[in-house]
4 protein chains.
Amino acid sequence: MPEYILTLRCADTVGIVHAVSAGLLASGSNILEQAQFTDPELGMFCLRTRFESPVDAVDDVRAALDAELARFSPDLSLRRRDAHRRVLVMVSRFDHCLADLLYRRALGELHVDVPVVVSNHEDCRALVESYGVPFVHVPVTAGTKPAAEQRLRDLVREHDVDVVVLARYMQVLSDAFCADMPGRIVNIHHSFLPGFKGARPYHQAHERGVKLIGATAHFVTADLDEGPIIEQDVQRVTHAQTADDLVELGRDVERRVLSRAVRLVAEDRVLLTGARTVVFG
Amino acid sequence: MPEYILTLRCADTVGIVHAVSAGLLASGSNILEQAQFTDPELGMFCLRTRFESPVDAVDDVRAALDAELARFSPDLSLRRRDAHRRVLVMVSRFDHCLADLLYRRALGELHVDVPVVVSNHEDCRALVESYGVPFVHVPVTAGTKPAAEQRLRDLVREHDVDVVVLARYMQVLSDAFCADMPGRIVNIHHSFLPGFKGARPYHQAHERGVKLIGATAHFVTADLDEGPIIEQDVQRVTHAQTADDLVELGRDVERRVLSRAVRLVAEDRVLLTGARTVVFG
Amino acid sequence: MPEYILTLRCADTVGIVHAVSAGLLASGSNILEQAQFTDPELGMFCLRTRFESPVDAVDDVRAALDAELARFSPDLSLRRRDAHRRVLVMVSRFDHCLADLLYRRALGELHVDVPVVVSNHEDCRALVESYGVPFVHVPVTAGTKPAAEQRLRDLVREHDVDVVVLARYMQVLSDAFCADMPGRIVNIHHSFLPGFKGARPYHQAHERGVKLIGATAHFVTADLDEGPIIEQDVQRVTHAQTADDLVELGRDVERRVLSRAVRLVAEDRVLLTGARTVVFG
Amino acid sequence: MPEYILTLRCADTVGIVHAVSAGLLASGSNILEQAQFTDPELGMFCLRTRFESPVDAVDDVRAALDAELARFSPDLSLRRRDAHRRVLVMVSRFDHCLADLLYRRALGELHVDVPVVVSNHEDCRALVESYGVPFVHVPVTAGTKPAAEQRLRDLVREHDVDVVVLARYMQVLSDAFCADMPGRIVNIHHSFLPGFKGARPYHQAHERGVKLIGATAHFVTADLDEGPIIEQDVQRVTHAQTADDLVELGRDVERRVLSRAVRLVAEDRVLLTGARTVVFG
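Because the structure is a prediction, the values reported are computed rather than measured. (Residues numbered from 1 in each chain as written. Chains lettered and ligands numbered in written order. Predicted model: local features only at pLDDT ≥ 70, side-chain atom pairs only at ≥ 80, totals over all residues. Heavy atoms only, no water.)

1. Concerning empty space enclosed by the protein
1) Next: The calculated volume of the largest cavity comes to roughly 190 Å³.
2) Next: Every residue lining the largest cavity is counted, 28 residues in all, and those nearest its centre are A:Phe192, A:Leu193, A:Gly195, C:Phe192 and C:Gly195.
3) Next: Among the elements of the structure, α7 (201-208) and β10 (212-219) of chain A together with α7 (201-208) and β10 (212-219) of chain C are those that each provide at least two residues to the lining of the largest cavity.
4) Next: Space inside the second largest cavity adds up to approximately 160 Å³.
5) Next: At the level of elements, α7 (201-208) and β10 (212-219) of chain B together with α7 (201-208) and β10 (212-219) of chain D are the ones that each hand at least two residues to the lining of the second largest cavity.
6) Next: Grouping the constituent residues of the lining of the second largest cavity by class yields 16 nonpolar, 8 polar and no charged. (1 Å grid on protein atoms, 1.4 Å probe; cavity = no way out; pocket = protein on both sides within 12 Å on 5 of 7 lines; lining within 4 Å. Points joined across faces, edges and corners; volume = space filled by probe spheres on them. Helix = DSSP H or I, 4+ residues; strand = E, 2+ residues; numbered from the N terminus. Nonpolar A, V, L, I, M, F, W, Y, C, P; charged D, E, K, R; others polar.)

Below, the structure written as structure tokens:
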């Protein structure tokens, strides 16, 4: 039997879990894994369910669920588990995060489709194409920024993209672009936010003499470096390491954090709740 | 409205979540947090639900659930969230785990009742009584072991104990005693199991030159050091540390792991599934 | 043979290690463990040596070293290893860090003398006295602050204190006091600096939706929350934890980080180099 | 001025550090970083020194050191820091560790030369050659094993190899081969040794229900899975992960641990002391 992933957000009230399970039962489905959490401050109900169903059609299962759930006006997502999320990766020159994502996908660790990689530089073309993935060069200057972003929107639409991943993409996206894709753009910030926002965080970290450096994967919002956090991790450093050493060591934790975040998002485990996320890990 | 914690294990089949939510709905209850997992190898359905209910009586809520769930023959546990688990702590001479548990409970970090502490030595009496907890000395020799264990059974019954925690208790409990309390006896083993089973694990670890030491909290079964694992953690060590240093450093990770395990068990987050556990963290 | 700990800081030049080893050789001493690091930016030479010596008198060993080292004008510290550092602990109301330090010292994990604990409240008196340590109540108000600080200076002198540890002491020390004891006052900050400086860091962390919380032990300087960092660590948290939960979880990492920092300082492993520290771990 | 790395092991006695520093002073060298440790059980003195010297010839510096140190019969290694260690990497079919090493070297994170990669399969040829590194296929069957090992010895000699790294090489090297290169063959074992020795460790780990999986990099000795440990790390797992998931997750920690170990070895930070290692991290 095919497996499905359902996620659902709505205002909390009595009866939602019952309605979901009634919809699933009506379609003969069996729940395999379910996680539910209600944010007490926002009163927002969040649920993720993995189930198997003899009804081999998303539309039919969805119809059964809609019938039960319509009165909650939910923000609902449903897909077959093997219909992978489509991820557009953006990169500038540092390729370590990109290389890691492509390598893990090739290895079958990261269950996503990558229909296209976009960069404002040509540096990563060979790497991307060696994986058989189309590489699109979209240069960005002050003057061409709106056009570049329009190109990006077109690519998102053409390739039916679910998630945009900024794998060390050094251009700032416009507020409008961010606002159009809430909870669908993932960035890796090379510091343990909210420490060391802004430029050259490893040099800031070295100057401050920290004993741990970190990285943060977050959804992108108009407010740079302030988007809802998806995943964070750290790595121990010592006095003997220079700022350049921290940059090197940092790559490892950036790679690790971004790939974990993309995996979580690709498995529909991350639900946006205001300025925070619920992560059903 | 009072909050309740429900846990449930049974053979997996279609309709269990629906039946649970129907029972809750019937009693006007609202689910606040729910986690479900079906072990694919054992076909065992596991669920934990935290809900609030206007029905301020465990019995009434339970009756509503039983009506819906009887056909699944579930192993079901239901309690008001503020009816804390009753924990009997056992200790021999090393008091660091015991001290940590008592301190955290006093601080309000660990929501358990500790009606009594039992030891085969007198060493920890002052510590225990300083917290206002009764201390019972039950000496154990080869000859008195059965009587000692009978005394322990009596204490479990008298004090309505839910969970026995072995906080560095150095006597081996009989197979019969372990078998009578499956998933209700928690032990801390001073190594990262399954490495270094048996005696003097830190000395074994030092001889082997490991770079991390660890501790393991597990349910106790007849097969010593092989019970289902609840929680584990590690701590970095170096060549410069002697075996005695590892013993010292190890205390910290033992304390941390045991207190986390007790917290998880006290919140009904740990469900026994054969030789493993499901931990709804 | 008794063991000694030597630390030394001076402007870097050729021949310092040779001079140290010549001085030690002259007194028949044998080096057991040595770590040296020269800060490339400050050009500051830092060294820590543990050695055994048949000369059972600090003064004689020191004389031998001084003869060789005078020309480097070093900042030199020498003591018998078993002449423990004398630590004055300050606390306000939260006693978890204090309790941990006293417990570890009693256990023999933390090789320090604690001649006195000072607090601006009475809350911790019983705890401190239960360890046989004198407790001195020094209340602080806006009006009495200078007098209170004078009292503190007197206590430091009377008790021959090496290090002051602020174990959740909530009063700010004056710039003058801090300046008089550089590298000798250790504070625990309940966040992973430089994130969440200032008040209620766990509530800030919760609002920001971080996935790890942390704590930072640092030397105190006039610039609050900006002193040289000694040790840091983190702990994973999830969306399901409230701000109050973070406060509870945070206690554990605060305790751990502060006790590690005090241990490092007590073993003369931390050398101050400008705004950073060298930690010979 | 060029930098040098010196390591030295010998039976402990008085005067070694003094003799080293005398030798360095005689050649006008300046110590930048020094770490020394004497194993108390073996009485083995271990030292690593990084220094700069105006004498731009290893032979001259070495002569100066030899003059001072001959009487200690040390096991001494001296090289210019920029004369990178030459690493022969061996692999079978799983390429994640190999890919990581090659990628980090290309990035300049791992300062080693890789003159050749050897495999008993053809699978990794394209990957290796894409980095411009020669790939040598040395098939191994029961019958050809001695010949294959002779080929390996020839490659080690031809390419002046310092260290052999087994990056998931699934053939067992003969005792004789291991004995000829003590402390020069590094293996990655896909478990947290000494737990789960032998085959399919992740499946063993899953069956045992562990909450952390790990990896261990160690020197290879005749006693398989028992060689001196260089580095270890762990990764948290949950009940929801299958044995296959653990295999996937494990790759990440294997990569990380092996690359850290190779970096430590390549920087001459790992000294073999009997069945253990001293790691000057």
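2. Things to note about the pairing of strand β8 (residues 163-166) of chain C
Residues and elements named next belong to chain C.
1) Next: The alternating pattern of β8 places Val163 and Val165 and Val164 and Leu166 on opposite faces, both of which are buried.
2) Next: When β8 meets strand β9 (residues 185-189), the two strands line up parallel, connected through 3 bridges. Each bridged residue has a counterpart across the sheet, and for Val165 the counterpart in β9 is Val186.
3) Next: Following the chain from β8 across helix α6 (residues 175-180) to the adjacent parallel β9, one finds a crossover that is right-handed. (Buried < 20%, exposed > 50% of the residue type's maximum accessible area, 1.4 Å probe, protein only. Pairing = 2+ DSSP bridges. Right-handed = clockwise from strand over helix to strand, strands pointing away.)

3. Some points on the sheet that holds strand β5 (residues 85-91) of chain D
Residue and element names in this part refer to chain D.
1) Next: Read from one edge of the open sheet, 7 strands run β7-β6-β5-β8-β9-β10-β11, paired in mixed fashion. Whereas interior strands pair on both sides, the edge strands pair on one side only; in this sheet they are β7 (135-137) and β11 (229-236). Between one strand and the next, the sheet's axes are offset by a mean angle of 20°, whatever the strand orientation. (Axes fitted to C-alpha atoms, helices over the stretch in contact; angles between N-to-C directions.)

4. A few points about the side chain of D:Ser29
1) Next: Within the element layout of this structure, D:Ser29 appears in the loop between α1 (16-26) and β2 (30-39).
2) Next: In this structure the side chain of D:Ser29 is engaged in a polar contact, spanning 3.0 Å, whose partner is the side chain of D:Ser53.
3) Next: Non-local contacts of D:Ser29, meaning those with residues more than four positions away in its chain, are made with C:Val14, D:Leu24, D:Phe51, D:Glu52, D:Ser53 and D:Pro54. (Polar contact = N/O pair within 3.5 Å; in protein donor to acceptor, adjacent residues only side chain to side chain. Contact = heavy atoms within 4.5 Å.)

5. Overview of the relation of the copies chain C and chain B
1) Next: Superposing chain C onto chain B takes a rotation of 180° plus a shift of 0.0 Å along the axis, which leaves an RMSD of 0.0 Å. Expressed as an axis order, the relation between the two copies is that of a two-fold axis. Minimal C-alpha distance to the rotation axis in chain C is attained by C:Asp100, lying at 4.6 Å.
2) Next: Mapped onto chain B, 100% of the interface residues of chain C are again interface residues, and the two copies thus contact each other with one and the same surface. (Least-squares fit on C-alpha atoms with pLDDT ≥ 70 in both.)

6. A look at the pattern of salt bridges
1) Next: Evaluation of the coordinates by the stated rule reveals 132 salt bridges over all chains.
2) Next: With a shortest N-O distance of 3.1 Å, B:Arg276 and B:Glu41 are connected by a salt bridge. Residue B:Arg276 is located in strand β13 (residues 276-279), and its partner B:Glu41 is located in the loop between β2 (30-39) and β3 (44-52); the two are separated by 235 residues in the primary sequence.
3) Next: Linking B:Asp252 and B:Arg255 is a salt bridge whose minimum nitrogen-to-oxygen distance equals 3.5 Å. Here the residue B:Asp252 and the residue B:Arg255 both occupy positions in helix α8 (residues 243-266), the gap between them amounting to 3 residues, near one helical turn. Each member of the pair, B:Asp252 as well as B:Arg255, carries the same accessibility label: buried.
4) Next: Beyond isolated ion pairs, a larger network of salt bridges with shared partners links A:Asp100, A:Arg104, A:Glu109, B:Arg236, D:Glu231, D:Asp233, D:Arg251, D:Asp252, D:Arg255, D:Arg256 and D:Arg260. (Salt bridge = Lys/Arg side-chain N within 4 Å of Asp/Glu carboxyl O.)

7. Some words on the packing of α7(D) against helix α8 (residues 243-266) of chain D
All names here are of chain D.
1) Next: Contact geometry of α7 with α8 gives a least axis separation of 9 Å together with a crossing angle of 120°. The orientation of α7 with respect to α8, classified from their angle, is oblique. Of the two possible hands of crossing, α7 and α8 adopt the one that is right-handed. Packed against α7, whose contacting residues are Tyr202, His203, Ala205 and His206, the element α8 presents Ala243, Asp244, Leu246, Val247, Gly250, Arg251 and Glu254 at the interface.
2) Next: Residue composition of the contact of α7 with α8, grouped by class: 5 nonpolar, 3 polar and 3 charged. (Parallel < 35°, antiparallel > 145°, perpendicular 65-115°, else oblique. Left-handed = near helix turned anticlockwise from the far one by under 90°.)

8. Thoughts on the domain arrangement of chain A
Residues and elements named next belong to chain A.
1) Next: Here the domain parsing of chain A yields domain 1 (3-80) and domain 2 (86-279).
2) Next: Using only C-alpha atoms to locate each centre, domain 1 and domain 2 end up separated by 30 Å.
3) Next: Of the residues lining the interface, 15 residues belong to domain 1; the matching set on domain 2 comes to 10 residues.
4) Next: Buried surface at the junction of domain 1 and domain 2, summed over both partners, amounts to about 960 Å²; 49% is from carbon and sulfur atoms.
5) Next: The three residues of domain 1 that bury the most area against domain 2 are Arg9, Arg48 and Arg79, which together make up 40% of that side's buried surface. (Domains from an automatic or database assignment. Buried area = accessible area lost by both parts, 1.4 Å probe.)

9. Here we look at the sheet that holds strand β4 (residues 75-80) of chain B
1) Next: Reading across from one edge, β4(A)-β1(A)-β3(A)-β2(A)-β2(B)-β3(B)-β1(B)-β4(B) is the order of the 8 strands in this open sheet, with antiparallel pairing throughout. Strands at the two margins of the open sheet, each flanked by one partner only, are β4 (75-80) of chain A together with β4 of chain B. This sheet shows a mean twist of 10° between the axes of neighbouring strands, independent of strand direction.
2) Next: Alignment of strand β1 (residues 3-11) of chain B against β4(B), held across 6 bridges, turns out to be antiparallel. In the sheet register, B:Leu8 faces β4(B), and the bridge partner there is B:Leu76.
3) Next: In this fold helix α2 (residues 58-69) of chain A packs onto β1 (3-11), β3 (44-52) and β4 of chain A, with an angle of close to 155° to the strand it touches most, β4(A).
4) Next: Packed onto the sheet, helix α2 (residues 58-69) of chain B meets β1, β3 and β4 of chain B and runs at close to 155° relative to β4(B).

10. Description of the packing of aromatic side chains
Residue and element names in this part refer to chain A.
1) Next: Applying the stated criterion to the full structure yields 6 aromatic pairs over all chains.
2) Next: With 5.4 Å between their ring centres and 15° between their planes, Tyr4 and Phe51 make a pair best called stacked. Taken together, the residues Tyr4 in strand β1 and Phe51 in strand β3 connect sequence positions 47 residues apart.
3) Next: By relative accessible area, Tyr4 is classed as buried at 0%. (Phe/Tyr/Trp six-rings, centres within 6.5 Å; stacked < 30°, edge-to-face > 60°.)

11. Some thoughts on the interface of chain B and chain D
1) Next: On the chain D side, the residues contacting the 34 residues of chain B number 34 residues.
2) Next: With both sides pooled, the region where chain B packs onto chain D buries about 2,800 Å², and carbon together with sulfur makes up 57% of that total.
3) Next: Three residues stand out in chain B for area buried against chain D, namely B:Arg208, B:Lys211 and B:His239, and they jointly supply 26% of the buried area on that side.
4) Next: Where chain B packs against chain D, one counts 4 salt bridges.
5) Next: For B:Arg236, the salt bridge is made with D:Glu231, and the minimal N-O distance between the two is 3.0 Å.
6) Next: Joining chain B to chain D, the criterion identifies 16 residue pairs in polar contact (both at pLDDT 80 or more).
7) Next: Mapped by element, the contributors of at least two residues to the side of chain B that touches chain D are α7, β11 (229-236) and β13 of chain B.
8) Next: Element by element, the count of residues in the side of chain B that touches chain D is highest for β11(B), at 7 residues.

12. Description of the confidence of the model for chain A
1) Next: When pLDDT is averaged along chain A, the result is 94, and 100% of the positions lie at 70 or above.
2) Next: What the predictor reports for the complex is a pTM of 0.94 with an ipTM of 0.93. (pLDDT = per-residue confidence, 0-100.)

13. Quick look at the environment of C:Gln204
All names here are of chain C.
1) Next: Looking at the element boundaries, Gln204 is found in helix α7.
2) Next: Gln204 sits in the partly exposed class, given a relative accessible area of 29%.
3) Next: Between the alpha carbons of Gln204 and Arg151 there is a distance of 35 Å; along the sequence they are 53 residues apart.
4) Next: There is a polar contact of 3.2 Å between the side chain of Gln204 and the backbone oxygen of Lys197.

14. Concerning the relation of the copies chain B and chain D
1) Next: The two copies are related by a screw motion: chain B maps onto chain D through a turn of 180° and a shift of 0.0 Å along the axis, at an RMSD of 0.0 Å.
2) Next: An overlap of 100% is found between the interface residues of chain B and their copies at the interface of chain D, pointing to a shared contact surface.

15. Focus on the pairing of strand β11 (residues 229-236) of chain C
Within a regular strand, the side chains alternate between the two sheet faces.
Residues and elements named next belong to chain C.
1) Next: Across the 8 residues of β11, 7 count as buried, placing the element largely inside the fold.
2) Next: Pairing of β10 with β11 involves 7 bridges; the strand directions are antiparallel. Residue pairing across strands places Leu212 opposite Arg236, the latter belonging to β11.

16. Things to note about the environment of D:Arg62
All names here are of chain D.
1) Next: Structurally, Arg62 is set in helix α2 (residues 58-69).
2) Next: Along the sequence, Arg62 and Ser77 sit 15 residues apart, while their C-alpha atoms lie 9.2 Å from each other.
3) Next: Not counting residues within four places of it along the chain, the set of residues in contact with Arg62 comprises Leu76 and Leu78.

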